[in-house]
Number of protein chains: 2
Amino acid sequence: MSDAGVLYGIGVGPGDPELLTLKAVRLVQAADVVAFPAAEDRRSIARGIVAAYLHEGQVEVPLRFPLAESSNPAQRFYDAAAEELAVHLEAGRNVAVLCEGDPLLYGTFMYFYTRLAPRFRCEIVPGISSITAGAAALGVPISYRNDVFAVIPATMPIEALRTRLRDADAAVILKVGRRFGAIRDVLRELGLVERARYIERATTSDERTLPLHEVDASTVPYFSMIVVPSAWTPE
Amino acid sequence: MSDAGVLYGIGVGPGDPELLTLKAVRLVQAADVVAFPAAEDRRSIARGIVAAYLHEGQVEVPLRFPLAESSNPAQRFYDAAAEELAVHLEAGRNVAVLCEGDPLLYGTFMYFYTRLAPRFRCEIVPGISSITAGAAALGVPISYRNDVFAVIPATMPIEALRTRLRDADAAVILKVGRRFGAIRDVLRELGLVERARYIERATTSDERTLPLHEVDASTVPYFSMIVVPSAWTPE
């Protein structure tokens, strides 16, 4: 165990490589093995963010996540992928798992973390979340003083989403995608549509911001968010 | 206006200088003027985080924030401090305002932003928030899938805090300080005290983590938080 490698969960931020932390850069460069979520064609957003810091001496492990809906195959996938990483860790190799945004907010890293943390030393490096990166790109302060700030996944049932939005002082709705139309209706109903702001693919070269009434619901990608800033204005 | 400087609101993260982003380092080094919140004795946490990147050619502007309670003097302070920064901006000097954590989450940067954004070009650089840095130091995943994640300032009335905690799937309570005892009582009442985790001064050399029942309420500093992670466990 003492000769085993360390598992690093590394937040690589929302897309702009300049939003990597110094610590993420150092640990990615030093890692023996770099693992990252990848699509079927091996393209990976997370790998792209750190590409300038990868080098030939490293083993790369693309992780092809199954869709969240099919839970049993997903578990088998996580078991197998965790075992693949465990082989490297047992051989004394440090493994960096790249995580878009932050590893502990709605990330897939936890599937590896719960499997491997009982057996290996783990360190988690926080990353810039799309939540604050999106607000920064929009130039919209989120929350002040006694505000309760709610992070709401767009994928939750619309009635529950309405209640959570109504009760929050400030909110960010994540991963809007095909739910955009229904969510804009809820924001209208709650009188929040003028205050809300929309952004997609924050900090990437494809970033786009629009007033909500100008958004074509049929074009909204998964990586998109709506910020509903606090009503309070600092004086 | 076109020859005016740019106002940068720069998130410098929770304390560890290695959690600075590459972009923050570049902009701090390049700034003509560096402004930062400072105590009466001129000590500044934010300045300490970037100290290695400051140099003699820069003008430093310590900002001594008044206490939030005294709102009228506070407004006069923000007016005067914003004017001091405006003089530099009008002279064509770029001004970096250092913000602990992230500039748009419960920060004081917005008092300058609301005053100066109508007159000058502004850019906001997101920073690692103590929220995710604290969770990373604790090794505690915060939220998954459809969880609503609530950020709750400890300073809000205790009854409201109880309701918000009860309704959230996952929560972080910020700036606990002297409210620790009352909040621990609420967590006990809601059956959350075993799941909750405590951390103070995350990522600094004085970082301390403890189970809640071991915390001496009289020693809890302002820079402290309680993480109540999601009850859901990834499989």
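See the structure above.
Bear in mind the structure is a predicted one, so any value in this text is a computation, not a measurement. (Residues numbered from 1 in each chain as written. Chains lettered and ligands numbered in written order. Predicted model: local features only at pLDDT ≥ 70, side-chain atom pairs only at ≥ 80, totals over all residues. Heavy atoms only, no water.)

Draft legend 1. Examining the pairing of strand S2 (residues 33-37) of chain B more closely. Residues and elements named next belong to chain B. For S2, the tally of buried residues reaches 5 of 5 residues, placing the bulk of the element in the interior. Alternating positions in S2 separate into two faces, Val33, Ala35 and Pro37 on one and Val34 and Phe36 on the other, with burial throughout. Looking at chain direction, S2 and strand S4 (residues 95-99) are connected through 3 bridges and run parallel. The partner of Ala35 across the bridge, within S4, is Val97. (Buried < 20%, exposed > 50% of the residue type's maximum accessible area, 1.4 Å probe, protein only. Helix = DSSP H or I, 4+ residues; strand = E, 2+ residues; numbered from the N terminus. Pairing = 2+ DSSP bridges.)

Draft legend 2. Highlighting the relation of the copies chain A and chain B. Mapping chain A onto chain B is achieved by rotating through 180° and translating by 0.0 Å along the same axis, at an RMSD of 0.0 Å. Each copy turns onto its partner about a two-fold axis. With an isologous cut-off of 70% or more, the 100% of interface residues of chain A that recur at the interface of chain B puts this contact in the isologous class. (Least-squares fit on C-alpha atoms with pLDDT ≥ 70 in both. Contact = heavy atoms within 4.5 Å.)

Draft legend 3. Just unusual backbone geometry, in detail. Of note in the backbone geometry, Thr203(A) takes a positive phi value of approximately 70° without being a glycine. Mapped onto the elements, Thr203(A) comes out in the loop between strand S8 (197-200) and strand S9 (208-210). Even without glycine at this site, Lys175(B) takes up a positive phi of about 55°. By the element assignment, Lys175(B) lies in the loop between strand S7 (170-174) and helix H7 (180-189).

Draft legend 4. Structural context of the sheet that holds strand S9 (residues 208-210) of chain B. The strand order across the open sheet formed by 10 strands is S9(A)-S8(A)-S10(A)-S7(A)-S6(A)-S6(B)-S7(B)-S10(B)-S8(B)-S9(B), and the pairing between neighbours is mixed. Strands at the two margins of the open sheet, each flanked by one partner only, are S9 of chain A together with S9 of chain B. Taken over all neighbouring pairs, the strand axes of this sheet differ in orientation by 15° on average, direction set aside. Inspection of the sheet shows S8(A) paired to strand S10 (residues 224-228) of chain A by 4 bridges, in the antiparallel sense. The residue of S10(A) that forms the bridge with Arg197(A) is Val227(A). H7(B) contacts S7, strand S8 (197-200) and strand S10 (224-228) of chain B of the sheet and is inclined by roughly 5° relative to S10(B). (Axes fitted to C-alpha atoms, helices over the stretch in contact; angles between N-to-C directions.)

Draft legend 5. A look at the nonpolar core. If you look at the biggest cluster of nonpolar residues, it comprises 86 residues, and the most contacted ones within it are Val97(A), Leu116(A), Phe149(A), Val97(B), Phe112(B), Leu116(B) and Phe149(B). In this structure, Phe149(B) is in contact with Leu105(A), Tyr106(A), Phe149(A), Ala150(A), Val151(A), Ile131(B), Ile142(B), Ser143(B), Ala170(B), Ala171(B) and Val172(B), ignoring residues within four places of it in sequence. Formed by 46 residues, the second largest nonpolar core is a distinct cluster that contains Val6(A), Ala96(A), Ile10(B) and Val12(B). (Core = buried A, V, L, I, M, F, W, Y, C linked by side-chain atoms within 4.5 Å.)

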